[in-house]
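Structure assessment
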Amino acid sequence: MKLVTYRASVEAAARLGVVSHDHVVDVARLGAAFDEPLPDSMLGLIDLGKPGLDALAAILGECDGVFPPGTATHQANVRLLAPIPRPRKNIFGIGLNYLDHVAESAAALDTSADLPRQPVIFSKPPTAVIGPGEPIRHDKTITRQLDWEVELAAIIGTTASRVARADALSHVFGYSVMIDVSARDNRRAGQWIVSKGMDSFAPFGPCIVTADEIENPQSLDLWLTVNGVEKQRSNTAKMLFKVDELIADISRVITLEPGDIIATGTPEGVGAGRTPQEWLWPGDTVVACVEGIGTIRHPVIDVSGD
């Protein structure tokens, strides 16, 4: 299933939907039509676990593309939000997780040229999240080195504490797309949270594809363009630490809970690694895509005068 958080109008509250062909079907209203209590938020559905997904899947199968009145809206008439508009906790970011990105970072950003022996973990606060189409904020008084990174995001579905790698993927609810926006000139004594965690620095969406529809998270193409020019193109097979390794590693020391998000790292092609270096500026448009999940598009705007 492709699950979204959406608004049907500017004034409407955020709702949980499931994409069916060219429509968004309201999950809670669909459930009510079948006397099945289903939640109206993504976190609510994640909290229900497999029984909630199974109940939703059963109703969708029964409908077979024909939905009760008032439950389905054409996609053109809804605004998609970040799938989880306000995560409960900081997003787990993974640095230096593609071989060629390690090399380009070592050349451009003074990171080590040696391959990491363990995942490099940082975080982005919930306030960094923006949904499809929302602007990335550029303040030239703070940064003149705003960079892009396309990433596969894994969303945790069930509590994971000290899990074995072999069991790790069973804890995944689904997958999404994230852009790890970075202010390269705001790394503070090697600590990345300011560089990575400013408002609007975690574009996220357009949906969460449930884990059962992603047969292998390590075989997905991903790419990013700036103003229509391709900057990144790779495949998740090239990750140094695979999704299951990341879950096993983090859960050894930090309990992963339903709704937690892991942004799994970016491939080569970032602006800092180019000759000459390239940066994002107001007026630019960034588009990121992960195969089988979807595409997000974001303008860059000037907030220097705010």
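Everything quoted here is computed from the prediction, not taken from an experiment.

The next thing to look at is the packing of aromatic side chains. Applying the stated criterion across every chain, the model contains 1 aromatic pair. On the basis of an interplanar angle of 55° and a centroid distance of 5.4 Å, the ring pair of phenylalanine 122 and tryptophan 192 is categorised as tilted. You can see phenylalanine 122 sitting in strand E7 (residues 120–124) and its partner tryptophan 192 sitting in the loop between strand E13 (182–183) and helix H6 (193–197), a full 70 residues away along the chain. When sorted by exposure, phenylalanine 122 lands in the same class as tryptophan 192, which is buried.

Moving on, we get to helix H7 (residues 243–253). Within H7, the full set of buried residues consists of Val243, Asp244, Leu246, Ile247, Ala248, Ile250 and Ser251. Buried residues along H7 sit in contact with strand E6 (91–95), E7, strand E11 (150–156), helix H5 (165–168), strand E12 (172–179) and strand E17 (261–263).

Moving on, we come to the sheet that holds strand E9 (residues 136–138). What the 5 strands build is an open sheet, ordered E9-E19-E18-E15-E16; its pairing is mixed. Pairing within the sheet leaves two strands with one partner each, and these edge strands are E9 and strand E16 (229–235). With strand direction ignored, the average angle separating the axes of adjacent strands in the sheet is 15°. Note: strand E15 (residues 221–226) against strand E18 (residues 285–290), 5 bridges, orientation antiparallel.

What follows is about the side chain of glutamine 218. Looking at where glutamine 218 falls in the secondary structure, it is placed in the loop between strand E14 (202–210) and E15. When residues no more than four places from it in sequence are discounted, the contact partners of glutamine 218 are Asn235, Thr236, Ala237, Met239, Lys242 and Val243.

So, how was this worked out
Residues numbered from 1 in each chain as written. Predicted model: local features only at pLDDT ≥ 70, side-chain atom pairs only at ≥ 80, totals over all residues. Heavy atoms only, no water. Phe/Tyr/Trp six-rings, centres within 6.5 Å; stacked < 30°, edge-to-face > 60°. Helix = DSSP H or I, 4+ residues; strand = E, 2+ residues; numbered from the N terminus. Buried < 20%, exposed > 50% of the residue type's maximum accessible area, 1.4 Å probe, protein only. Contact = heavy atoms within 4.5 Å. Pairing = 2+ DSSP bridges. Axes fitted to C-alpha atoms, helices over the stretch in contact; angles between N-to-C directions.

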